Every structure is written in structure tokens, then in C-alpha cells.
Amino acid sequence: MTCLEDILKVNNLTVSYRTLRGKVKAVENVSFNLGKGKILAVVGETGSGKTTVGLAILRILPPNAVIEKGEIWFNGKNILDLDEDAMRRIRGKEISIIFQEPKITLNPVLKIGEQIAEVPIEHLGLDKKEAYRLARMMLERTGVPDPDRVMNSYPHELSGGMAQRVVISIAMILRPKLLVADEPTSALDVSVQAQVLDLIQELVRETGTSVIFITHDLSLAAEIADEILVMYYGKVVEYGDVFEVFKSPKHPYTRALLNAIPRIGFRGRLKSLEEMINE
Amino acid sequence: MKTNKIITMLIKNEKLIELWRHPNGKIGIIISVVLVLMAVFAPLISPYDPNYPDTANRLAPPSIKHLLGTDQLGRDILSRIIWGSRISLSIAFLAVFVTSVIGLVVGLVSGYYGGKIDTLLMRITDIFMAFPRLVLALAFASALGPGIYNVIIAISIVYWSFYARLIRGVVLQIRNELYIQAAKAVGASDVRIMFRHILPMVTAPLLVQATLDIGGTILLASGLGFLGIGVQPPTPEWGVMVSEGRRFITHEWWVSTFPGLFILIATLGFNLLGDALRDVLDVKLKR
């Protein structure tokens, strides 16, 4: 599925974590491509290595992680070969990330305005006034009511949905080419989830940003993604077009996952994944 | 600007009121504010020139004319104490400021980068912490020679390692927070993360430790003055005054006692204030 329009190409990425009991492979031989403006859903259960893939693309893995092998081609450059300074210039400008918990993603002692304005100040060298103006515009764009008040607030004064809008503003302010969204709606109230999801979709469509959407929610993946990649114990078990995967899942794990979604009207017991894989 | 956040917060909101309601805080505030005012307005409030020898009234006991008596040269002790507060407080504030800055930078770098840099810096602090404070200060003060600035340098050399340790501890706690990772993820530089994102979190424990150490520093500076290797006579420094009155302690007790009493009050005042600050800002320093 390689084409010239690919913004990201991951080849055989293998990441381990050094632990007290030796090395543990978190991600093994993961490969995928992502086209311009496309949305790829990375689906898997907790501990399947989906977040590790996301962190590896920004090279912000924890210090005990080792990238064993593989290549991450972004915009024609293997970002694993870049030095730290070049990488820093990519983060936040060309590749952004949205974390799961908006409240702990924001620094509790800095005002919202400063945290958004920081990005254009660092990357574009804007002066404070310009950067704040840009930040305010971005907040307005993400549908924050009363952006002036929010600019002057601290994170604890905001609701979860509002905080996630701020985090999205930070991620999208420089119109990055690639957005890694690591379960951006999981920590939010159900009523807010849909709004935030719509917002992300709207923004990336507007800016032509490609998205790696990390989630454990298959129905969510089906709803927004163009392609889907299912991970299980650090390995890719299914990768392809969303419709294809949902119509005819090839791997038993994917089938099991799909069967694990409870349906209204279904009576009887839902089987555990192990039971279904063993069948 | 953000560095002063805690301080501005103290000034304008309920923390100051809370501090005032704190039983130790009230005494601490009163003592330290009075001492600072005394130092600032020394020329206005001191009844005599601190170095004017009233030879007719040498070693005069406390009276209406000389409230705290006079010393062996006939100098008014109250005036000398008032002028001495300038010396003691400026040594204390400057030394604590220098130590905070050094400790802050070392602690931030050490805690943030970790690894070899951390090991190296922490072994250096170990060396400095291995000596008793007074002994180390004595050694450096005598090596540097007498004078106010050398006293400040000597005290800073003694104290910086404690600040480095304190700051490093706080940095280690917050280094792995998600918001630090998130700041990294938007491309913030290390310097920016250290000074914009981590520094504000460090201000509260730093402020508490600095306030507590102002008392300790006054005591240490007076100790050096007393031993004759700090500030030199005839400068009206409290430690020097205690030392000069030593010879007359049996009969003319006021010469040594009053400056000594002020060392006690000043140390006590800043310690109480620091103690109350710790409670109010909810800082845990013991680790």
C-alpha cells in the first residue's frame, strides 16, 4: 500500500523496555504507511504496544525504552537518524500528540494562554503578543466559549472537555502534518466525547493533517478511520482498509474483538477473548 | 516573571492572611518586618552615631540617655545594634540569594538530566555536605580574608549544596509527570522546560528553605564575626559586638547581652516565619 503521497512510513519498528527482569519487547516488527490526510486507527487492548508506537514516532519514549530496529520515515527523513535538536524542531510543529488525560497533560501552575502560546514562540520565534493572539484565535476555533477567560485560567479551573480542547489547540496550532491522538476521548464524559471527536475530525480535514488514532474502541475506529491496524501483544495482527477489516477479519483475534462488542438484543453470555481464540 | 508567582500570590491573596493567622507566622512576620524596617531606617531611628565614642560615658549601664548602655569606647549600644541589623540582614539576604541561585541551577540540571551529570553533581554536593557548616565556613572565611563580601561567599559555599539537594528532589518528583513529557512533545527546549515548566513548582519549597536559612545565616555570620574572621571591628556587627563585650561580661553585662539577644530574636523570627510558610504553602521538606 505504498504510494508517493505517504507522509509516514514505519518499517519493522521494534521497541523494548529494559526492566529489572530483563528486556521486554513492547512492539515487534510493526510496519505501516500513512497517506496524506488519512486517518489510521491503531486498535488494541491495554499493553498491546499501541501507545509505544505513538511515542516512538515523536521519539519521546521513556528513558528505559530502546528502539531495537526499524525505520520511521517522515516526510522523506528517517526520524530515528535525526539528532535531538532537529527532532525538537519537528515535535509540535510537524508532528503533534494528544494524550489521553487532558488534565494531567497541562502544567498545573501555568496559565492556559502561556501553554498554548509557547508553541509558536518556540517554533516560529513569534513575540509574546503575536503568539497570544494566535493562541486566542486557536481557542476560538476549537469552540471554547469565552476564550479570553480561558487564556487567563489555570488547568484546574477547566472542565475535562474544555481542557481537552485546550490540548487540541496546542497540538493543532501550527497545523502539523501528522497528529498522534492517543485515546483522546477515553477520559472524557460520554456527552463530550462526540463533540471532541467531531472537532478533531473537522480540524484535521481543514489542515490536511494525517492522524494516527490510538484507541481500544473498535466502533470508534470504524467511525472515523480510513485504515485500521490491530495490535496484539506488540505485533500487528490485522492491517488494512477499515471496510475490508470489518467485513472479513482475517486474524482470529480481530474476529474475537469484533464478537466481543455487545449488541442490543443479544442474549446469552459473551465469550472471553481466550475462549474465542481457542475455538 | 513566573518565578515570582508564589510571592505575588502571597501578597495578593488569602495565603498572607493564612500566614498571619498561623500562631508562629504572626510572631515571625512581626519580628522580621520590624528587623527589616530597623535596617532600612537605621539612620533615622538610631539615637547616636554608631561609631561616635562618648568618652565621658564609657561602659555606662542602660539609662534614659543610653537605653541599652554604652560599650568600652562609650559608643551607644542601641545605635550599634540598629546599624548592625543592616550588616546582619544584608549578609543573610545576599548569602541566601546567592545560594538559592546556585542551588537552583545545580538542582534543576542534576534532577532533569539525571545520569552521569546527576552523579557527578551529587558527589560534589556530598563533599560539601560532609563537613560541619561552621567548620567549612570558618575555613573558607579565613582563607578568603575578612570583609562582608568574603563572609557572604563563605556562607554561600557552605549552603548551596543543601539547596541543590532540595531542588533536585523536587525535580525528580515532577520530571516524570505527563505535562513535562507533553511540553517535550510540543518541542519545548530543555532550558525552557527547566525554567518555565519545572521552576514554578520549585518556588514554594525554595522560599520556605530560604526563609528558614536566613535565621541560620544570621547566626553563622555572627559566629564568624565573633571568632574574628568575619566582619571586622569597628563595624557594628552583632557577632563582633558580642565578642568585644566578652571581656566585661561579669560586670558590664549589657555590652554582650543585648547584641546577643538580637541575634537570638532575629534567628527565632525568621525560623518561625519559615516554619509557618511551610505549613501555609503545604511543603514537605523532610525526605
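Scroll up for the structure.
Analysis parameters
- Residues numbered from 1 in each chain as written.
- Chains lettered and ligands numbered in written order.
- Predicted model: local features only at pLDDT ≥ 70, side-chain atom pairs only at ≥ 80, totals over all residues.
- Pairing = 2+ DSSP bridges.
- Helix = DSSP H or I, 4+ residues; strand = E, 2+ residues; numbered from the N terminus.
- Axes fitted to C-alpha atoms, helices over the stretch in contact; angles between N-to-C directions.
- Contact = placed C-beta atoms within 7 Å.
- Parallel < 35°, antiparallel > 145°, perpendicular 65-115°, else oblique.
- Left-handed = near helix turned anticlockwise from the far one by under 90°.
- Buried ≥ 20, exposed ≤ 12 C-beta atoms within 10 Å, placed from the backbone.

(A) Looking closely at the sheet that holds strand S4 (residues 65–74) of chain A. Strand order in the open sheet formed by 4 strands is S2-S1-S4-S5 (chain A), with antiparallel pairing between adjacent strands. Sheet topology places strand S2 (22–35) and strand S5 (77–78) of chain A at the edges, where each strand pairs with a single neighbour.

(B) Summary view of the sheet that holds strand S6 (residues 95–98) of chain A. Residues and elements named next belong to chain A. The 6 strands are arranged S6-S7-S8-S3-S9-S10 in an open sheet whose pairing can be described as mixed. Of all strands in the sheet, those bounded by a partner on one side alone are S6 and strand S10 (235–241). Across this sheet, the average inter-strand angle for adjacent strands is 15°, counted without regard to direction. With 5 bridges connecting them, strand S3 (residues 39–43) and strand S8 (residues 210–215) associate as parallel partners.

(C) Representation of the interface of chain A and chain B. Contacts between the two partners involve 22 residues from chain A and, on the opposite side, 17 residues from chain B. Mapped onto the side of chain A that touches chain B, the elements with two or more residues apiece are helix H2 (84–90), S6, helix H3 (102–105) and helix H4 (112–124) of chain A.

(D) View of the packing of helix H8 (residues 148–175) of chain B against helix H10 (residues 190–226) of chain B. Residues and elements named next belong to chain B. Closest axis-to-axis distance for the H8/H10 pair is 10 Å, and the angle between their directions is 155°. Compared by their axis directions, H8 and H10 come out roughly antiparallel. Where H8 crosses over H10, the two elements pack in a sense that is right-handed. Note on element contacts: H10 touches H8 through Ile198, Met201, Val202, Pro205, Leu206, Gln209, Asp213, Thr217, Leu220, Ala221 and Leu224, opposite Val151, Ile155, Tyr159, Tyr163, Leu166, Ile167, Val170, Val171 and Ile174.

(E) Quick peek at unusual backbone geometry. Residue and element names in this part refer to chain A. Even without glycine at this site, Asn29 takes up a positive phi of about 50°. Assignment of secondary structure puts Asn29 in strand S2. Judged by the 15 C-beta atoms lying within 10 Å of it, Asn29 is partly exposed. With a phi angle near 50°, Tyr233 is a residue other than glycine that sits in the positive phi range.

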